[in-house]
Structures are given as structure tokens and as C-alpha cells.
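# Structure at a glance
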Amino acid sequence: MTLTTVSSTSVKASPPNRRILYPPNRRGAAGGRVDLVGSGSSGNTSTALDSSVPKRLEPPTPRILHSSAHATLDPLILNLISLICRWHVLSWYSAISRDPDRTFVRHVTSILVHVIQALEVRLADVDLVELVALDLPNLLEQHIEDFEEAEDKAHSGHAHNLDRDEVFHKLQSHIAVQLLPTPTGVPQPKVDNVYLRALVDNLLRLLLPPEDYRAETERTVVCEIIVNIILGNVFDKVAQPWFLYQIIAKVIEGRQAASKSKQPGVVDPTPDLSKVEASLGTVGTLKAVARAGLATLASLPAVFNAVTVSLSTLYHTAIASPVPTRFRDRPPLTTPALSLVLALLPPSTFLSQSIHYIQLPLALASSFVTSLVFYVFNEKVFTASLTKTILEAASSALFPDGRPPPKVQDPSPDEQAELMKRCERKVAEVLPPQLVNALIPPEVPDRPLALSRHLLAPLSSHTANVHLFVLVLDLVLGRIFPELVGQEG
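None of these values were measured; they are calculated from a predicted model.

Across all of its chains, the model carries 5 aromatic pairs by this definition. A centroid spacing of 5.8 Å and a plane angle of 80° characterise the contact between W242 and F243, whose relative ring orientation is edge-to-face. Comparing W242 with F243, the two get one shared label, buried. Put simply, the rings of W92, Y93 and F104 touch in pairs and so form one group of aromatic residues. The aromatic ring of Y213 is capped on one face by R219, whose charged end is 4.3 Å from the ring centroid.

The structure is reproduced here in C-alpha cells:
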């Protein structure tokens with residue numbers, strides 16, 4: 001699969017008659033001035049004010065999003081913007097400027113707000129279902145196949161004795177990713193900041209009104225915030241294997257702790273027949289069993305009716321969900337996901353046959369399956385609660401305790417190895433025994449741990465993770481900003 005990457009050299013000029021859906025508005029989407037940094041005033045001014053004069057009422061919180069969930073999401077967005085401006089703009093601006101109104105910081109804040117508003121309009125035109133159900137699984141499948149090929153060819157004559165990361169870097173060559181030599185002899189991936197700055201600058205050109213884009217100083221500050229604070233953390237830290245292992249282990253441990261807290265004491269509902277027989281005798285036991293069987297049979301029509309009503313409701317709800325016409329005559333949207341499962345799990349004849357038999361009924365009910373996928377994603381996945389979770393996670397990661405996290409050294413190699421083992425154990429604990437028995441031969445020791453290691457293997461390379469994140473970034477931006485996608489040929 002050939003992926004077209006986003007390149008600053010392939011940017012097309014915007015049509016001159018492009019309609020700006022969000023006109024330039026310094027006062028926010030709801031008319032109130034976006035004031036997140038506070039205004040400074042000199043001491044003489046404050047003492048000159050008469051205490052009897054009523055203070056001016058503060059403007060209402062400006063509305064950022066036009067979504068119906070703006071009341072929930074706007075405070076989170078404003079809080080994140082205020083933290084960014086406080087710690088990454090105001091921290092150095094107050095030392096070089098005596099501007100009491102902090103006009104420059106307010107202008108940066110307005111630019112960030114306008115970027116979010118214009119991005120919301122762009123996202124409304126993106127087919128997120130196609131992106132998540134088709135494009136992303138295909139990209140992940142190709143990534144896994146390239147990683148396995150790099151492992152097979154590493155240190156062989158076919159790869160000129162290159163190691164795994166160097167082979168993978170050549171398989172997925174990208175203009176933005178470089179392998180730099182290190183004193184240890186192990187090359188490290190580096191995303192070119194020139195590429196990222198050119199990319200972000202083109203995004204701002206498409207998102208901002210002309211007068212805001214012409215403000216070079218403010219635009220440069222916003223560009224550096226996105227490149228260094230957001231993207232820099234993703235490529236330099238989040239893409240590290242030990243960081244991903246730590247996240248996976250914490251998520252599994254959190255869910256295990258939550259499930260234990262919800263079930264403090266599980267009582268076996270199956271009656272002890274020996275006690276029943278001792279108290280009632282053999283005849284009484286037979287009568288009790290007969291009554292239970294009759295009660296079960298009597299409840300079957302009600303259960304069948306409830307299941308029928310539920311399936312009927314689901315069918316009509318899914319069919320009524322809007323589906324683009326281009327998907328009506330195509331294979332079901334579950335095909336890329338099933339293909340990804342085959343690429344991720346160990347090779348198995350049983351698994352291949354099972355996936356094949358699963359695809360047959362899905363193909364027969366292709367129209368219904370496609371409608372059901374669109375219904376699930378649009379109504380159950382892409383919701384305000386998901387956006388709220390993403391914003392809260394971003395704020396917590398960038399500003400824990402309301403301030404940037406202190407710089408700490410990466411874990412030592414021994415600590416990273418321990419994080420990997422901890423993650424492997426946690427994943428092994430949640431794997432279904434039936435899946436383990438079907439995929440791992442009996443002679444393999446500790447079969448759950450062996451399957452866990454196979455599943456986590458594609459995350460073990462920092463170089464591969466950086467390439468994957470860059471390609472995902474290109475894919476998402478290519479869907480949101482089709483103007484940035486270079487035309488092949």
C-alpha cells in the first residue's frame with residue numbers, strides 16, 4: 001500500500017473564493033473577549049480608583065465550539081489554552097515586556113481559539129468512520145508486515161548486515177524521519193523540526209484569517225508551541241517503547257482494580273444440591289428440579305420475545321443511520337479490521353479458517369453490517385465524552401498539577417526491561433485462555449506470556465514507533481486538509 005505523505009513542498013494555494021465559516025472575531029464565538037491570562041495594572045491606578053465606584057462585571061465565558069456539547073468541552077479547552085499561555089508564553093513575555101494589558105499574550109490566545117474553531121469546522125466534513133474503520137487498520141497492517149520483514153532480514157546478507165531499525169527505516173523511508181548516530185552506536189530516530197514547522201505553518205495558513213496569519217511573531221509562537229510542546233513530546237517521549245509499555249500496564253491494572261472493587265464478594269448462585277437433598281430428601285429434590293425446569297421453560301417465550309425486539313430495534317436503528325452511498329456496494333467495513341487481526345496474531349491455520357468463516361455471513365449482510373458500523377461509531381464512539389476524555393488526558397499529561405512536569409531522565413535499560421516484563425505479564429493475564437490454547441502450541445512454556453510477547457513486539461522499536469506516528473499524523477491531516485496532499489503522477 002502506497003501512502004501519500006504530507007509535504008510542505010506539495011501544498012496547494014487555497015482557492016481565492018474559499019468561504020471562511022468562522023469570521024475573524026477577537027471577542028470569541030459568543031461575543032465575549034477571550035481573556036485567559038488576566039490583566040495587569042499599576043499600583044497607582046488601583047489606588048486612584050474610588051472604592052465606591054462599582055466594578056465592571058466580568059464578561060461571560062466565551063463560547064469556543066459550536067457543538068451542542070460546548071458547555072462541557074469549552075471549559076476544558078479554555079483551561080488547556082490558559083495553561084499553555086501561562087507556562088509557555090507569559091513565563092518569558094513578562095520578563096521582557098512592561099505591557100500591563102499583555103496584549104501580545106491575548107493575541108496568541110485569540111489565535112489558538114480561532115485555530116480550534118476552524119478545526120472544528122474541518123472535522124465536521126471528515127468521514128471519521130472511513131478513517132478509523134478502513135484507513136487506519138490498513139496502515140497498521142502494513143506497519144506490522146514491515147516490522148516483521150525487518151526482523152527477518154536484519155543482520156543478513158539481504159540487508160547488508162543492517163540491524164532491525166535500519167532495515168525498517170529503509171522499508172518506510174519518510175522525508176521527516178532521520179536516523180542519527182549516537183555514542184552507543186545505536187542510531188536514534190529524529191523527526192526533522194524544519195518539516196514540522198513547515199507543516200504547522202501551512203496548517204495555520206489554512207485555519208487562520210489573513211490578518212492573523214500575517215502577524216508573524218504571534219504565528220511563530222503558536223507554531224513553536226505546537227511543534228515543541230505537543231508534537232515534540234509525542235515523538236521524543238510517547239513513542240518510546242518503555243513509555244507505551246507503562247501506559248498499557250497502568251490501563252490494565254486500573255481496570256483490574258476497578259473490577260475487584262465492584263465485586264467485593266462473589267456468591268455462587270448455583271445451589272448446593274447436597275444440602276437441598278439432605279433437607280428435602282430425594283423426592284423433594286426431584287420436585288424442586290422439576291419446578292425449576294418448568295419455570296425455565298415458561299420464561300423462554302418472554303426471553304425470546306425480548307431478544308427478538310432488541311434485534312429488531314437494532315436492525316431498524318442501524319438501517320436508518322446515514323451511510324454514504326459509496327459504501328453500499330462495497331465489502332463490509334469489518335474486513336480491514338479482521339485482516340489486521342490476522343496480521344497481529346501468530347500465524348495459525350485455525351485462525352485463518354475462523355476469520356474466513358466469519359467473513360462469509362458478514363459479506364452476505366454487507367449492507368446491514370456497514371450501517372451497523374456507522375451507527376456504532378457515530379452514536380456510541382465519536383461522542384462528547386470521548387472528546388472530554390482526550391482533553392482531560394492532554395491536560396493531565398502536559399500539565400500535571402497545573403504546571404509542566406519536571407524534567408526527569410528516562411529509565412535505565414534495566415528499568416525499561418522491567419517495564420516491558422511488567423506489561424507482558426499484565427497483557428498475559430487478560431488474554432482469553434481459549435485464544436491462547438488455539439494459537440500457541442502446547443510444547444511452548446508459559447503460553448499466555450508467549451502470546452503477550454508476540455502482540456507487544458511491534459512496539460519494541462522506537463524507530464518503528466516514530467515512523468508509525470508520523471504516518472498516522474500524515475493520514476489524519478491528509479483527511480482534514482486535503483489541500484496538503486500531493487497529487488501522484
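Next comes the rest of the description.
Right, let's talk about the nonpolar core for a bit. Proteins that are soluble and globular tend to have nonpolar side chains buried together. Core analysis: the biggest nonpolar cluster contains 55 residues, and L204, F235 and F481 have the highest contact counts within it. Elements supplying a minimum of two residues to this core: α2 (70–88), α3 (90–96), α4 (103–124), α7 (193–207), α9 (216–238), α15 (384–398) and α19 (462–480). Sequence-distant contacts of F481, that is, excluding residues within four places in its chain, are made with L119, R122, L203, L206 and L207. Core analysis: the next-biggest nonpolar cluster, separate from the first, contains 16 residues, C423, V436, I440 and L451 among them.

This model, assessed by the stated rule, comprises 12 salt bridges. In this structure, D135 and R479 form a salt bridge, with 3.0 Å as the shortest nitrogen-oxygen distance. Of this pair, D135 sits in helix α5 (residues 128–153) while R479 sits in helix α19; the two residues are 344 residues apart in sequence, bridging distant segments of the chain. A residue is classified by how much of its surface remains accessible, and D135, at 14% relative accessible area, is buried. Classification of R479 by relative accessible area gives partly exposed; the value is 40%.

This brings us to helix α14 (residues 366–381). Look at α14: 21 Å from first C-alpha to last across 16 residues, which is about the 22 Å you get at 1.5 Å a residue. Turning to α14, its buried residues are S366, V369, T370, S371, V373, F374, Y375 and F377.

This paragraph deals with unusual backbone geometry. With a phi close to 60°, D401 is a non-glycine residue in the positive phi region. Within the fold, D401 resides in the loop between α15 and α16 (413–430). One non-glycine residue, D446, lies in positive phi territory at about 50°. Inspection of the secondary structure assignment puts D446 in the loop between α17 (433–439) and α18 (447–456).

Right, let's get into the environment of A198. Locating A198 in the fold gives a position in helix α7. Note: C-alpha distance between A198 and V227 (29 residues apart in sequence) is 10.0 Å.

Time to look at the environment of V222. Looking at where V222 falls in the secondary structure, it is placed in helix α9. Classification of V222 by relative accessible area gives buried; the value is 0%. The spatial distance from the C-alpha of V222 to the C-alpha of T109 is 9.0 Å, given a sequence separation of 113 residues. Those residues in contact with V222, other than ones at most four positions away along the chain, are V108, I111, L112 and L204.

Moving on to the pairing of strand β2 (residues 188–191). A one-sided burial pattern is seen for β2, the buried positions being P189 and V191 and the unburied ones Q188 and K190. Relative to β2, strand β1 (residues 177–180) runs antiparallel, the two sharing 4 bridges. Residue Q178 lies in a different strand from β2, and its bridge partner there is K190.

Right, let's get into the packing of α7 against α9. Two elements in contact, α7 and α9, have axes whose closest approach is 10 Å; the angle formed by their N-to-C orientations is 125°. Here α7 is positioned oblique relative to α9, judged by the angle of their axes. Handedness of the crossing formed by α7 with α9: right-handed. In this structure, α7 uses N193, L196, R197, V200, D201 and L204 to contact α9, whose residues at the interface are R219, V222, C223, E224, I226, V227, N228, L231 and F235. Classifying every residue of the contact of α7 with α9 by side-chain character gives 9 nonpolar, 2 polar and 4 charged.

Here is what the cut-offs are and how they apply
- Residues numbered from 1 in each chain as written.
- Predicted model: local features only at pLDDT ≥ 70, side-chain atom pairs only at ≥ 80, totals over all residues.
- Heavy atoms only, no water.
- Phe/Tyr/Trp six-rings, centres within 6.5 Å; stacked < 30°, edge-to-face > 60°.
- Buried < 20%, exposed > 50% of the residue type's maximum accessible area, 1.4 Å probe, protein only.
- Lys NZ or Arg CZ within 6 Å of the ring centre and 35° of its normal.
- Core = buried A, V, L, I, M, F, W, Y, C linked by side-chain atoms within 4.5 Å.
- Helix = DSSP H or I, 4+ residues; strand = E, 2+ residues; numbered from the N terminus.
- Contact = heavy atoms within 4.5 Å.
- Salt bridge = Lys/Arg side-chain N within 4 Å of Asp/Glu carboxyl O.
- Expected span 1.5 Å × (residues − 1).
- Pairing = 2+ DSSP bridges.
- Axes fitted to C-alpha atoms, helices over the stretch in contact; angles between N-to-C directions.
- Parallel < 35°, antiparallel > 145°, perpendicular 65-115°, else oblique.
- Left-handed = near helix turned anticlockwise from the far one by under 90°.
- Nonpolar A, V, L, I, M, F, W, Y, C, P; charged D, E, K, R; others polar.

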